[in-house]
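# Overview (structure and organization)
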Amino acid sequence: AHSCPQAGEIVRSVVAQAVARETRMAASLMRLHFHDCFVQGCDGSLLLDSSGRIVSEKSSNPNSKSARGFEVVDQIKAQLEKQCPGTVSCADILTLAARDSSVLTGGPSWMVPLGRRDSRSASLSGSNNNIPAPNNTFQTILSKFNRQGLDVTDLVALSGSHTIGFSRCTSFRQRLYNQSGNGRPDMTLEQSFAANLRQRCPKSGGDQNLSVLDIVSAAKFDNSYFKNLIENMGLLNSDQVLFSSNDKSRDLVKKYAEDQGVFFEQFAESMIKMGNISPLTGSSGEIRKDCRKINS
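Residues numbered from 1 in each chain as written. Predicted model: local features only at pLDDT ≥ 70, side-chain atom pairs only at ≥ 80, totals over all residues. Heavy atoms only, no water.

The name given to the protein in an unreviewed UniProt entry is Peroxidase, with Brassica campestris as the source organism. Among the UniProt annotations of the protein, the heading Subcellular location (unreviewed entry) holds the following wording: "Secreted". (UniProt positions renumbered as here; feature names shortened; annotations may be inferred.)

Taking the UniProt record as the reference, the feature "site: Transition state stabilizer" (unreviewed entry) is found at R31. Inspection of the secondary structure puts R31 in helix α2 (residues 25-37). (Helix = DSSP H or I, 4+ residues; strand = E, 2+ residues; numbered from the N terminus.)

The next thing to look at is a negative patch on the surface. Together, E258, D259, E265 and E269 make up a negatively charged patch on the protein surface. As for its placement among the helices and strands, E258 is situated in helix α12 (residues 247-258). What makes E258 exposed here is its relative accessible area of 72%. (Patch = residues over 30% accessible without salt bridge, like charges linked within 9 Å, V, L, I, M, F, W, Y side chains within 5 Å. Areas by Shrake-Rupley, 256 points an atom, 1.4 Å probe, with all protein chains shown as cover. Salt bridge = Lys/Arg side-chain N within 4 Å of Asp/Glu carboxyl O. Lys, Arg positive; Asp, Glu negative; His and termini not counted. Charge placed at Lys NZ, Arg CZ, Asp CG, Glu CD. Buried < 20%, exposed > 50% of the residue type's maximum accessible area, 1.4 Å probe, protein only.)

With respect to burial, helix α7 (residues 152-159) is a largely interior element, eight of its eight residues being buried. Every buried residue belonging to α7 is among V152, T153, D154, L155, V156, A157, L158 and S159, and all of these are buried. Residues of α7 that are buried sit in contact with α6 (138-147), α10 (224-230), α11 (237-244), α12 and α13 (260-275). At the N-terminal end of α7, a side-chain oxygen is found 3.1 Å from the backbone nitrogen of T153, two or three residues along, and the residue is D151. (Contact = heavy atoms within 4.5 Å. Polar contact = N/O pair within 3.5 Å; in protein donor to acceptor, adjacent residues only side chain to side chain.)

Quick look at the packing of α2 against helix α3 (residues 70-83) now. Where α2 contacts α3, the axes come no closer than 10 Å and their chain directions differ by 80°. One finds that α2 runs roughly perpendicular with respect to α3. Side by side, α2 and α3 meet where M25, L29 and L32 of the first sit next to F70, E71, V72 and V73 of the second. Within the contact of α2 with α3, the residues separate by chemical class into six nonpolar, no polar and one charged. (Axes fitted to C-alpha atoms, helices over the stretch in contact; angles between N-to-C directions. Parallel < 35°, antiparallel > 145°, perpendicular 65-115°, else oblique. Nonpolar A, V, L, I, M, F, W, Y, C, P; charged D, E, K, R; others polar.)

Moving on: unusual backbone geometry. Although it is not a glycine, K65 adopts a positive phi angle of roughly 65°. Owing to a relative accessible area of 65%, K65 belongs among the exposed residues under this scheme. Non-glycine residue N232 carries a positive phi angle of around 60°. Classification of N232 by relative accessible area gives partly exposed; the value is 28%.

So, in structure tokens, the structure goes:
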């Protein structure tokens, strides 16, 4: 508020331009924040390129060929460095950009606590091990959330961010052709939805082909994601298990499907909680000048 009062406005305007150019960018920026926070806390580690002793998290399974939006972060950083050099961390940029991405697509807003600093390290193994995978079981996903201090309510609410954005064929192919390793599709998938997906995602090839995560309103942040799960039309296995594998999460899915306001309120609360995972403060870390590399 004092050292860089224009920070919020700068982030918002760059994100707004990026989302106006390509709606999908809102989901991509939100995902960057999530993939950053689940590895070493919300410290901007995901943004570092490989160099010297740093092995980038960008090449991990969850990020390779799919994490995107880095150039938008670069643009925000460049403007902030002009306005108030050495003041706003890359970690804070990711947190603000995620909130603005929600608001720009019709989702909730929230007050973002600021003052994180940037890490001087990255963790490729942390990225490979900590971020839930689309084919993980419900229990595995919940354990990965619990490890970060997040509970089943946070898991279901934060999964609701899949109301916007796309996923690659490689992330849901097993549900269409070989769900349990027996050469048979996931029979819980709604049949016409599955047939539709098979056209976009063949048995082999087309790994990068995209399908919308929310078949009803892919560009709008709303609660239709949860309504889809009740109809067995969640795209990823990790989406559908929220409804099919656990009583408590099933009840939450129904609650958010019935009441968008309740979902929005919980989403905002869970995003603040996620944004507070092990931040670097005080004299820990640094404020990077360039989000891709540590200050020399």
